[in-house]
Amino acid sequence: MPDDEALIRTLITNWAAAVHRGDLDTVLADHAEDIVMFDVPPPHEGIRGLAAYRATWPPFFAWQAQGARFDIESLDVTAGTDVAYAHALLRCGTPEELAEHPTLRLRLTLGLRKEAGRWLVAHEHHSFPHD
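The rules we used
- Residues numbered from 1 in each chain as written.
- Predicted model: local features only at pLDDT ≥ 70, side-chain atom pairs only at ≥ 80, totals over all residues.
- Heavy atoms only, no water.
- Helix = DSSP H or I, 4+ residues; strand = E, 2+ residues; numbered from the N terminus.
- Rg over C-alpha atoms; globule rule 2.2 N^0.38 Å.
- Buried < 20%, exposed > 50% of the residue type's maximum accessible area, 1.4 Å probe, protein only.
- Contact = heavy atoms within 4.5 Å.
- Pairing = 2+ DSSP bridges.
- Axes fitted to C-alpha atoms, helices over the stretch in contact; angles between N-to-C directions.
- Core = buried A, V, L, I, M, F, W, Y, C linked by side-chain atoms within 4.5 Å.
- Polar contact = N/O pair within 3.5 Å; in protein donor to acceptor, adjacent residues only side chain to side chain.
- Salt bridge = Lys/Arg side-chain N within 4 Å of Asp/Glu carboxyl O.

Peer 1: Run through the overall build of the protein, naming residues and quoting values.
Peer 2: Counting its regular elements, the protein contains four helices and six strands. Shown N-terminal to C-terminal, the secondary structure of the protein runs as helices and strands in the order α-α-β-β-α-β-β-α-β-β. Over its C-alpha atoms the protein spans a radius of gyration of 15 Å, differing by no more than 12% from the 14 Å that the globule rule assigns to 131 residues. Structurally, the protein occupies a C-alpha span of about 45 × 30 × 30 Å along its principal axes. Within the span of the protein, comprising 131 residues, buried residues form 37% of the whole.

Take a look at the structure:
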């Protein structure tokens with residue numbers, strides 16, 4: 001049986017692949033009902049709840065349909081018995097944006113908790129560096 005870090009790594013890589021495909025059901029699949037997300041676009045105070053989280057994705061998918069990438073470049077996972085966190089760097093941008101800023105990476109931090117033996121994302125934070 002895989003260890004928790006491996007399970008979480010698979011959960012995150014499957015989520016990122018679903019984001020890239022625009023597969024909303026799979027994007028939502030492993031998220032807690034009471035998720036809190038801080039994202040790059042407003043609202044800057046974050047969103048709370050799975051319904052609000054769901055509503056953030058269609059505009060992103062529309063932008064991504066222009067040929068943007070959403071690729072995990074690095075991923076680190078630390079898992080305890082029932083709480084875990086992960087952080088990653090992603091190439092996220094259109095080909096033009098990535099050509100203009102080749103080293104720019106989206107920063108991703110996830111907080112997870114285990115409920116009934118299943119890992120769920122309870123907190124998600126996306127950011128770009130601000131120069």
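From this point, things continue past the structure.
Peer 1: Please give an account of the side chain of glutamine 64 that cites residues and values.
Peer 2: Along the chain, glutamine 64 falls in helix α3 (residues 50-64). Using a relative accessible area of 7% as the deciding quantity, one classes glutamine 64 as buried. In contact with glutamine 64, not counting residues within four places along its chain, are Val19, His20, Gly22 and Phe70.

Peer 1: Break down the sheet that holds strand β4 (residues 83-93) for me, citing the residues and quoting the values.
Peer 2: Taken together, the six strands give an open sheet; going across it, the order is β2-β1-β6-β5-β4-β3, and neighbouring strands pair in mixed fashion. Of all the strands in the sheet, just β2 (47-48) and β3 (69-79) have a single pairing partner and so form its edges. Here strand β5 (residues 106-115) runs beside strand β6 (residues 118-127); their pairing, made up of nine bridges, is antiparallel. Within β6, the position partnered with leucine 112 by the bridge is valine 121. Relative to β3, helix α1 (residues 4-21) is tilted by about 160 degrees, and along the sheet it contacts β1 (31-38), β3, β4, β5 and β6. Running at roughly 60 degrees to β1, α3 makes contact with β1, β2, β3, β4 and β6 of the sheet.

Peer 1: Lay out the nonpolar core in plain terms, naming residues and giving numbers.
Peer 2: Counting 31 residues, the largest nonpolar core has Trp15, Tyr53 and Phe70 as its most contacted members. Of all elements in the fold, only α1, α2 (24-28), β1, α3, β3, β4, β5 and β6 reach the threshold of two or more residues within this core. Once residues within four sequence positions are removed from consideration, phenylalanine 70 is found in contact with Trp15, Ala16, Val19, His20, Phe60, Gln64, Leu90, Arg91, Cys92 and Leu106.

Peer 1: Give me the lowdown on the environment of glutamate 124, citing residues and values where you can.
Peer 2: Residue position: glutamate 124 is located in strand β6. Those residues in contact with glutamate 124 that sit more than four places away from it in its chain are Trp15, His31, Ile35, Val36, Met37, Phe38, Tyr53, Trp57, Leu108, Thr109 and Leu110. A polar contact is formed between the side chain of glutamate 124 and the side chain of tyrosine 53, at a distance of 2.8 Å.

Peer 1: I'd like a description of the pattern of salt bridges, backed by residues and values.
Peer 2: Within the structure shown, the criterion is met by seven salt bridges. Between lysine 114 and aspartate 4 there is a salt bridge; the shortest N-O distance is 3.1 Å. Of the two residues, lysine 114 sits in strand β5 while aspartate 4 sits in helix α1, which places them 110 residues apart along the sequence. The exposure class assigned to lysine 114 is partly exposed, which follows from its relative accessible area of 28%. Overall, aspartate 4 belongs to the partly exposed group, its relative accessible area being 22%. For arginine 69, the salt bridge goes to aspartate 71, with nearest N and O atoms at 2.6 Å. Since its relative accessible area comes to 34%, arginine 69 is described here as partly exposed. Salt bridges linked by common partners bring Asp34, Arg113 and Glu115 together as one network.

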